[in-house]
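# Commentary on secondary and tertiary structure
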Amino acid sequence: MSVTPPSLRRSARGPAALTALLAGVAAVTVAGAPAQAVAPHKARVPMHQCWVNDVPAPPGNQVNGTEHDDYIFCDSDLEGVTVSGGNGNDMIEIRGLVIDSAVMGGEGDDVIRTKHLVPQTTFSMVRGNRGNDVIKVATVRGDGAKLGAVVHGDDGNDKITTGSVSGAPGQFNRGGGIVTGNDGADTIKTGVIDFSGRVLGGSESDTIEAAALGPESGGLIQAGPGDDRISGHGGAILIVGEHWGSVDAGVGRDDCKVKSVSTRTSISSCEILPAADPGGPGAKPGKPAQPDKATKPGKPAQPDKATKPAKPAKPAKPAKPAKAAKAAGSKVTAAKRKH
């Protein structure tokens, strides 16, 4: 079927006909194009399904607690939403993903539990703020300066537990995957730190435990000031490497239960380190050193035959009590006879 209008098919000739034909094709193309191709771009709508103290939170990009102790529960992903506990000792639980969103405690001792941090267009963050907070996050995976995944303890003696930490930072060392205790004596326990993920202590004496550091690509543990302890889970030896793992214990008397398995790793500022391998660098692991063949193990050395040890003197025999008693009895009998 021709796309030229019927009124033009008879009268249009030459250049006029070509112009009419092109106009008809353009009209059909625009009319048949999908609606989304010509529709203007729409901003993403904030999404959440949350309750504050068993009351449904209104739709929007904010979910706020009260001035008192709150229980905030979200049963779905957070997308473009900020959840804030406010004052009081709050419990915040996010059952879904944290997508381009922030979950923050408040002024009290808060407990925050979330699933994975998934930055897609901007940062995803969990922050305790003031107080001695308990924070648990499934995984922390960022990508560059604009897509940061951040777990931040902030003020207080915080306890932070996460899964794997990964993702390189961008310009000015911003973004990426990062877990930091900040101020206070913090306890940080993570999964594998790799692919340029970072775990930072803070200004006081911190405890940092990780499952591994830089096994595939690279990672960083930086404890900061204070008498810090760095190790694997439960105080085990933390394996650093085989790739670009780096441990910087910082200023203070630091106890580092770490072991490098590669020349590409770096361990610095640790005053206390595990004892060196007794087998030495050339010995095969797990194989004990061979004893001297000239001396058989388990056989004591023979004493010098020329010099025999002196025998101890025999102790004097004590007087027999029976004879002494008999002599005393004889004297008594003789005395009676005289009388």
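Just so you know, these numbers come straight off a predicted model, no measurement behind them. (Residues numbered from 1 in each chain as written. Predicted model: local features only at pLDDT ≥ 70, side-chain atom pairs only at ≥ 80, totals over all residues. Heavy atoms only, no water.)

## A word on the overall build of the chain
We count it as follows: In this text, helices come from DSSP runs of H or I with a minimum length of four residues, and strands from runs of E with a minimum of two, each type numbered from the N-terminal end. A 1.4 Å probe rolled over the protein chains alone gives each residue an accessible area, and that area as a share of the maximum for its type sets the label: buried under 20%, exposed over 50%, partly exposed in between. Note on contacts: a residue pair is in contact if any heavy atoms of the two residues lie within 4.5 Å. Using the Shrake-Rupley algorithm and a 1.4 Å probe, accessible areas are obtained, with residue cover drawn only from the displayed protein chains.
Regarding its fold elements, the chain presents 4 helices and 28 strands. Relative to its full complement of 339 residues, the chain shows a buried share of 34%. For the chain, the proportion of contacts with a sequence separation of at least 24, taken over those separated by at least 6, is 39%. About 21000 Å² of surface is accessible on the chain, with carbon and sulfur atoms providing 58% of the total.

## Notes on the sheet that holds strand E9 (residues 102-106)
Formally: Note: two strands are recorded as paired if DSSP finds a minimum of 2 bridges between them. Axis lines are fitted through C-alpha atoms, for helices just across the contact stretch, and the angle between N-to-C directions can take any value from 0 to 180 degrees.
The strand order E3-E6-E9-E12-E15-E18-E20-E22-E25-E28 describes an open sheet built from 10 strands, whose pairing is parallel. Of all strands in the sheet, those with a lone pairing partner are strand E3 (62-64) and strand E28 (266-268), marking the two edges. Neighbour-to-neighbour, the strand axes of this sheet turn through a mean angle of 10 degrees, independent of strand direction. Sheet analysis places E9 next to strand E12 (residues 124-127), joined by 3 bridges and oriented parallel. Across the sheet, the residue bridging to Val 103 is Val 126, located in E12.

## Considering the state of the cysteines
Cut-off, in case you're wondering: Our working definition of a disulfide is a cysteine sulfur pair at a distance within 2.5 Å.
Counting across every chain of the model gives 2 disulfides. Linked covalently through their sulfurs, Cys 50 and Cys 74 form a disulfide whose S-S length is 2.0 Å. The sign of the S-S torsion, about 110 degrees, decides the handedness of the disulfide formed by Cys 50 and Cys 74: right-handed. Taken together, the residues Cys 50 in strand E1 (residues 50-52) and Cys 74 in strand E4 (residues 71-74) connect sequence positions 24 residues apart. Comparing Cys 50 with Cys 74, the two get one shared label, buried. Bridging Cys 256 to Cys 270, the disulfide has an S-S length of 2.1 Å. Disulfide Cys 256-Cys 270: the torsion about the S-S bond is -80 degrees, which places it as left-handed. Highlighted residues: Cys 256 in strand E26 (residues 255-256) and Cys 270 in the loop between E28 and helix H4 (321-338), separated in sequence by 14 residues.

## Brief notes about the pairing of strand E10 (residues 111-114)
Of the two faces of E10, the one holding Ile 112 and Thr 114 is buried and the one holding Val 111 and Arg 113 is not buried anywhere. When strand E7 (residues 91-94) meets E10, the two strands line up parallel, connected through 3 bridges. Following the sheet pairing, Met 91 is matched in E10 by Val 111. Judged from the 4 bridges that link them, E10 and strand E13 (residues 134-137) form a sheet pairing that is parallel. Across the sheet, the residue bridging to Val 111 is Val 134, located in E13.

## Some remarks on the environment of Gly 106
Mapped onto the fold, Gly 106 is located in strand E9. In this structure, the C-alpha to C-alpha distance between Gly 106 and Asp 90, residues 16 residues apart in sequence, is 7.7 Å. Setting aside anything within four residues of it in sequence, one finds Gly 106 in contact with Gly 86, Gly 128, Asn 129 and Arg 130.

## A few points about the pairing of strand E22 (residues 218-222)
Regular strands place side chains that alternate from one sheet face to the opposite one. Where strand E20 (residues 197-202) meets E22, 4 bridges bridge the pair, whose relative direction is parallel. If you follow Val 199 over to E22, its bridge partner there is Ile 221. Here E22 runs beside strand E25 (residues 244-248); their pairing, made up of 5 bridges, is parallel. The residue bridging Leu 220 from the neighbouring strand is Ser 246, located in E25.

## A closer look at a nonpolar patch on the surface
Under the convention used in this document: Think of a patch as exposed residues, more than 30% relative accessible area, with no salt bridge, where like charges cluster within 9 Å and nonpolar side chains (Val, Leu, Ile, Met, Phe, Trp, Tyr) cluster within 5 Å. Within this document, salt bridges are pairs made up of a side-chain nitrogen of Lys or Arg and a carboxyl oxygen of Asp or Glu, the two lying within 4 Å of each other.
Where nonpolar side chains cluster on the molecular surface, the patch consists of Ile 237, Ile 239 and Val 261 and spans about 220 Å² of accessible area. By relative accessible area, which is 40% here, Ile 237 ends up partly exposed.

## Thoughts on the side chain of Asp 70
Which entries qualify depends on this criterion: Charged-residue counts in this description rest on Lys and Arg as positive and Asp and Glu as negative, His and the chain ends being excluded. Here a polar contact is recorded for every N or O atom pair within 3.5 Å, except that within protein the pair must consist of a potential hydrogen donor and a potential acceptor, and residues adjacent in sequence are included only if both atoms are side-chain atoms.
If you trace the backbone, Asp 70 turns up in the loop between E3 and E4. Put simply, Asp 70 is tucked away with no salt bridge, and the nearest opposite charge, on Arg 130, sits 16 Å away. For Asp 70, the side chain forms a polar contact with the side chain of Asn 53, separated by 3.0 Å. Asp 70 has contacts with Asn 53, Gly 65, Gly 85, Asn 87, Asn 89, Asp 90 and Met 91, leaving out every residue within four places of it along the chain.

## What about the pattern of salt bridges?
Scanning the entire structure with this criterion turns up 4 salt bridges. In this structure, Glu 93 and Arg 95 form a salt bridge, with 3.0 Å as the shortest nitrogen-oxygen distance. Residues Asp 154 and Arg 127 are paired through a salt bridge, measuring 2.9 Å at the closest nitrogen-oxygen approach. Placement of Asp 154 in the loop between strand E15 (149-152) and strand E16 (159-162) and of Arg 127 in strand E12 is noted, with a sequence separation of 27 residues between them. Residue classification places Arg 127 among the partly exposed positions, given a relative accessible area of 25%. Connected through shared salt-bridge partners, Glu 107, Arg 130 and Asp 155 make up one network.

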